[in-house]
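# Remarks on the overall topology
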Amino acid sequence: MAANCTWDSMDVHLLRVLHALLTECSVSKAARRLNQSQPAVSTALRRLRDITGDQLLVRCRNGMTPTERGAGLLEPVKIALQQIEAIAVRQVKFDAASSRRIFNIATPDYLNAVLLGEIVARLRKLAPHSQVAFHSLGPDYDYARAMENGELDVVIGNWPQPPENLRIAPLFEDEVVCLMRKGHPLAGKPLGTAEYLAAEHLVPTPYAVGQRGVIDLHLARERMKRNVVAYVPYFGLVPYLLLETDMLFSSPRIFAEHCAKMMPLAVAEPPIEFPKMSFYLLWHDRSHYEEECRWFREQIISVVRNSPALQKALPVTPPKGRAADSTACAAA
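Residues numbered from 1 in each chain as written. Predicted model: local features only at pLDDT ≥ 70, side-chain atom pairs only at ≥ 80, totals over all residues. Heavy atoms only, no water.

### Some words on the packing of helix H1 (residues 12–24) against helix H2 (residues 27–34)
In plain terms, the rule: Every angle, taken between N-to-C directions, lies between 0 and 180 degrees, and every axis is a line fitted to C-alpha atoms, over only the stretch in contact when it is a helix. Here a strand is any run of E in DSSP of at least two residues, a helix any run of H or I of at least four, and the numbering for each starts at the N terminus. Put simply, angles under 35 degrees are roughly parallel, angles over 145 are roughly antiparallel, angles from 65 to 115 are roughly perpendicular, and the rest are oblique. Two helices crossing with the near one rotated counterclockwise from the far one by less than a right angle form a left-handed crossing, whereas a clockwise rotation gives a right-handed crossing. Any pair of residues with heavy atoms lying within 4.5 Å of one another is described as a contacting pair. Each residue gets one label: Ala, Val, Leu, Ile, Met, Phe, Trp, Tyr, Cys and Pro are nonpolar, Asp, Glu, Lys and Arg are charged, and the others, such as Gly, are polar.
Remark: H1 packs on H2, axes separated minimally by 8 Å, with the N-to-C direction vectors making an angle of 130 degrees. For the element pair H1 / H2, the angle class is oblique. Regarding H1 and H2, the two cross each other, and that crossing is right-handed. Residues Arg16, Val17, His19, Ala20, Leu21, Thr23 and Glu24 of H1 pack against Val27, Lys29, Ala30, Arg33 and Leu34 of H2. The residue makeup of the contact of H1 with H2, split by class, is six nonpolar, two polar and four charged.

Structure representation (structure tokens):
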């Protein structure tokens, strides 16, 4: 250990760098997460190694991995940062008009066209100096860990069974409909169950590991199976794929009707009575009592309740076995 490097040299900046390094196990990924240059993070890592007298991260076959000492520091560093954040936040009352906070939200991408623009517009009006960052949900993205670590403030989800360890506030429900090109052989006439199951289906790639969607879960329970011929990772690609094929796409009504207004696509009622898709807001205990996070949740819920695009959406109750959080926001 360098003679002039002691624990007295540890500051908040180094704690943040250490947390990012131990979480990402990569200097380059930690640099991107912290919005710093890679050389700056490498310099901080050298200082941290001098202070701790340990390598903290060492190279391995797949990149870098924490040493035993490094792995043991992750939880204490996370707790220390949370305590420092709590001290700083409580010193100043949150003021939306002057806030420069970056709010982070993850959503299914089919809400982009009908909801996210309205959220941004509301934040630009009430908190003009703040920023909002939208994150895509996918099977490789651990959104629960991201909320636990403070990388995400909230998630909008529609899993049939949301995680039990997260707080929940219902947003809205929507019906399942079928979307297809206007020239599709099945367009313009009632769909039969046999026709629906035999038709070629375009299906979204699951955006959570181990989570089956409302449609496939219901079909499995009814011992039915549809003819899936293609998977798509982004809902934005769906209309273009439908225009060139005879595939069907089963989706929330708000998404299907939005696409049908913009392109030569047709919406049809499914022959199977699928359960409604329930959308809800999720957040972690770490941000539950923070005034700025509570304010952000209020804005999302207000946008949903007043959105013209969601006027046809139905009020929603919590998933079976779950209770809505009565302290989601002041207006809930």
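### Examining the sheet that holds strand E3 (residues 102–107)
Think of a sheet as strands paired side by side through backbone hydrogen bonds, with each pair either parallel or antiparallel. Where we set the bar: Note: two strands are recorded as paired if DSSP finds a minimum of 2 bridges between them.
Pairing within the open sheet is mixed, and its five strands lie in the order E4-E3-E5-E12-E6. In this open sheet, the two edge strands, each paired with only one partner strand, are strand E4 (131–136) and strand E6 (167–174). The mean angle between the axes of side-by-side strands here comes to 20 degrees, regardless of whether they run parallel or antiparallel. Across two bridges, E3 lies against strand E5 (residues 154–157) in parallel orientation.

### Overview of the confidence of the model for the chain
Heads up, the rule is: You can read pLDDT as the predictor saying how much it trusts each residue, on a scale of 0 to 100.
Taken as a whole, the chain shows an average pLDDT of 85; of its residues, 86% reach a score of 70 or greater. Averaged pLDDT values for the elements of the chain fall to 82 in helix H4 (residues 68–91) and rise to 97 in strand E11 (residues 265–268).

### Observations concerning the sheet that holds strand E10 (residues 248–252)
Across the sheet, five strands lie side by side as E9-E8-E10-E7-E11; this open sheet has mixed pairing. Unpaired on one side and paired on the other, strand E9 (227–232) and E11 mark the two borders of the sheet. The average undirected angle you get between the axes of adjacent strands in this sheet is 35 degrees. Relative to E10, strand E8 (residues 200–204) runs parallel, the two being bridged by two bridges. Considered in E10, the bridge of His201 is made with Leu248.

### Quick word on the side chain of His184
With respect to the helices, strands and loops of the structure, His184 is situated in the loop between strand E7 (176–181) and helix H7 (193–198). With sequence-adjacent residues up to four places away left out, His184 is seen in contact with Asp246, Met247 and Leu248.

### A few points about the nonpolar core
Put simply, the rule is: Nine residue types can take part in a nonpolar core, namely buried Ala, Val, Leu, Ile, Met, Phe, Trp, Tyr and Cys, and a core is a set of them joined through side-chain atoms within 4.5 Å. Any residue under 20% of the maximum accessible area for its type is buried, any over 50% is exposed, and the rest in between are partly exposed; the area is computed with a 1.4 Å probe on protein chains only.
Counting residues in hydrophobic clusters, the biggest one holds 58 residues, and the most contacted among them are Tyr196, Phe249 and Leu281. With six residues, helix H11 (residues 291–306) is the single largest residue contributor to this core. Among all residues touching Leu281, those that are not within four sequence positions of it are Val154, Val155, Ile156, Arg167, Ile168, Ala169, Leu171, Arg297, Ile300 and Ile301. One finds Met10, Ala20, Leu57 and Val77 within the second-largest nonpolar core, a separate group that totals 22 residues.

### Looking at helix H8 (residues 214–221)
We apply this condition: What the arc describes is the spread of directions from the helix axis to the C-beta atoms.
Buried within H8 we find Val214, Ile215, His218 and Leu219. Down the axis, H8 shows its buried residues gathered within 125 degrees of arc, on one side only. Elements that come into contact with the buried residues of H8 comprise E7, H7, E10 and strand E12 (277–283).

### Points about the packing of H2 against helix H3 (residues 38–52)
Angle between the axes and distance between the axes are the two parameters that describe a pair of packed helices. Two numbers describe how H2 lies on H3: the axes approach to 9 Å, and their chain directions differ by 110 degrees. When the axis of H2 is compared with that of H3, the two are roughly perpendicular. Crossing handedness for the pair H2 and H3: right-handed. Here Val27, Ser28, Ala30 and Ala31 of H2 come into contact with H3, specifically with Gln38, Val41, Ser42 and Leu45.

### Digging into unusual backbone geometry
Unlike most non-glycine residues, Asn35 shows phi in positive territory, near 60 degrees. By the secondary structure assignment, Asn35 is in the loop between H2 and H3. One non-glycine residue, Arg223, lies in the positive phi region at around 55 degrees. Counting through the fold element by element, Arg223 comes out in the loop between H8 and E9. According to the relative accessible area criterion, Arg223 is exposed, its value standing at 81%.

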